[in-house]
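# Residue-level structural notes
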Amino acid sequence: MEPHFNKITKYGYEKIEAEIRELENSRPAKIKNLADARALGDLSENAEYSSAKRDLRHLESRLRFLRKQLQYAQVYTPSDNDTVEVGKTVTFEFMDDHSTDTYEIVGTPEVDIDHNKISIASPIGAALLNHHSGDVVTVSAPQLTYKIKIISIKV
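In this text the structure is predicted, and so the values were computed from the model without any measurement.

Attention shifts here to the packing of aromatic side chains. The final tally for this structure, using the stated rule, is four aromatic pairs. Ring centres of F5 and Y72 lie 6.2 Å apart, and the angle between their planes is 40°; this geometry places the pair in the tilted category. Note that F5 is positioned in the segment before β1 (6-8) and Y72 in the loop between α2 (47-71) and β2 (73-75), a separation of 67 residues in sequence. Exposure remark for F5: the relative accessible area of 39% places this residue in the partly exposed category. Aromatic pair F92 and Y103: ring centres 6.0 Å apart, planes at 20°, arrangement stacked. In this pair, F92 is assigned in strand β3 (residues 89-94) and Y103 in strand β4 (residues 100-106), connecting sequence segments 11 residues apart. No difference in accessibility class separates F92 from Y103, as the two residues are buried. Here the aromatic residues F92, F94, Y103 and Y146 are joined through ring pairs into a cluster of three or more.

If you want it as structure tokens, here you go:
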């Protein structure tokens, strides 16, 4: 069976790489904290040791997760056309109340709702994918179904 690669923007890939470098740079200090806490003596009642051990475990776990994200990531460069795809910013109108929203369509590892980045796996992202300006698409969310109209698509 062939592995499945997740499309991701170049910016998203670089952001994950930067987080890995940051974690790797903080690793020696975490190891030193663990060694210092271990030197304090009785490990059964040593809160510093337990805390340092937990912090190092968390760091190692996050590193494994991020490395897997990169291992299965495929950097995707959007084409310069009028089709919704990863890396493009889409403005659309909700047909029921005529309000508008603008989101960048990104790969799953780089979702950031606070910065208007939604995944191609989200209900809106999946509905918009491969459509064009002027298209009206149906979004099937877990609790309801609604229509949106694509106003513009920008790289």
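All right, on to the side chain of T9 then. Of note, T9 is situated in the loop between β1 and α1 (10-38). On the accessibility criterion, T9 (7% relative accessible area) is buried. For T9, the side chain forms a polar contact with the side chain of E110, separated by 2.5 Å.

A few words on the nonpolar core. With 16 residues, the main nonpolar core has V84, V90, F92, I124, L128 and I148 as its most contacted residues. Mapped onto this core, the elements with two or more residues apiece are β3, β4, α3 (123-128), β6 (136-140) and β7 (145-154). Considering every element that reaches this core, the biggest residue donor is β7, with four residues. If near-sequence neighbours (up to four positions away) are discounted, I124 is found in contact with F92, I118, V139, Y146 and I148.

On the surface, R38, K53, R54 and R57 cluster together to form a positively charged patch. Tracing the backbone through its elements, the reader meets R38 in helix α1.

To continue, consider the UniProt feature "coiled-coil region" (unreviewed entry) in the protein chain. Listed under "coiled-coil region" (unreviewed entry) in the UniProt record, and renumbered for this structure, are residues 13-69. Secondary structure within residues 13-69 divides into 86% helix and 0% strand; the distance between the first and last C-alpha atoms comes to 9 Å.

About the thresholds
- Residues numbered from 1 in each chain as written.
- Predicted model: local features only at pLDDT ≥ 70, side-chain atom pairs only at ≥ 80, totals over all residues.
- Heavy atoms only, no water.
- Phe/Tyr/Trp six-rings, centres within 6.5 Å; stacked < 30°, edge-to-face > 60°.
- Helix = DSSP H or I, 4+ residues; strand = E, 2+ residues; numbered from the N terminus.
- Buried < 20%, exposed > 50% of the residue type's maximum accessible area, 1.4 Å probe, protein only.
- Polar contact = N/O pair within 3.5 Å; in protein donor to acceptor, adjacent residues only side chain to side chain.
- Core = buried A, V, L, I, M, F, W, Y, C linked by side-chain atoms within 4.5 Å.
- Contact = heavy atoms within 4.5 Å.
- Patch = residues over 30% accessible without salt bridge, like charges linked within 9 Å, V, L, I, M, F, W, Y side chains within 5 Å.
- Areas by Shrake-Rupley, 256 points an atom, 1.4 Å probe, with all protein chains shown as cover.
- Salt bridge = Lys/Arg side-chain N within 4 Å of Asp/Glu carboxyl O.
- Lys, Arg positive; Asp, Glu negative; His and termini not counted.
- Charge placed at Lys NZ, Arg CZ, Asp CG, Glu CD.
- UniProt positions renumbered as here; feature names shortened; annotations may be inferred.

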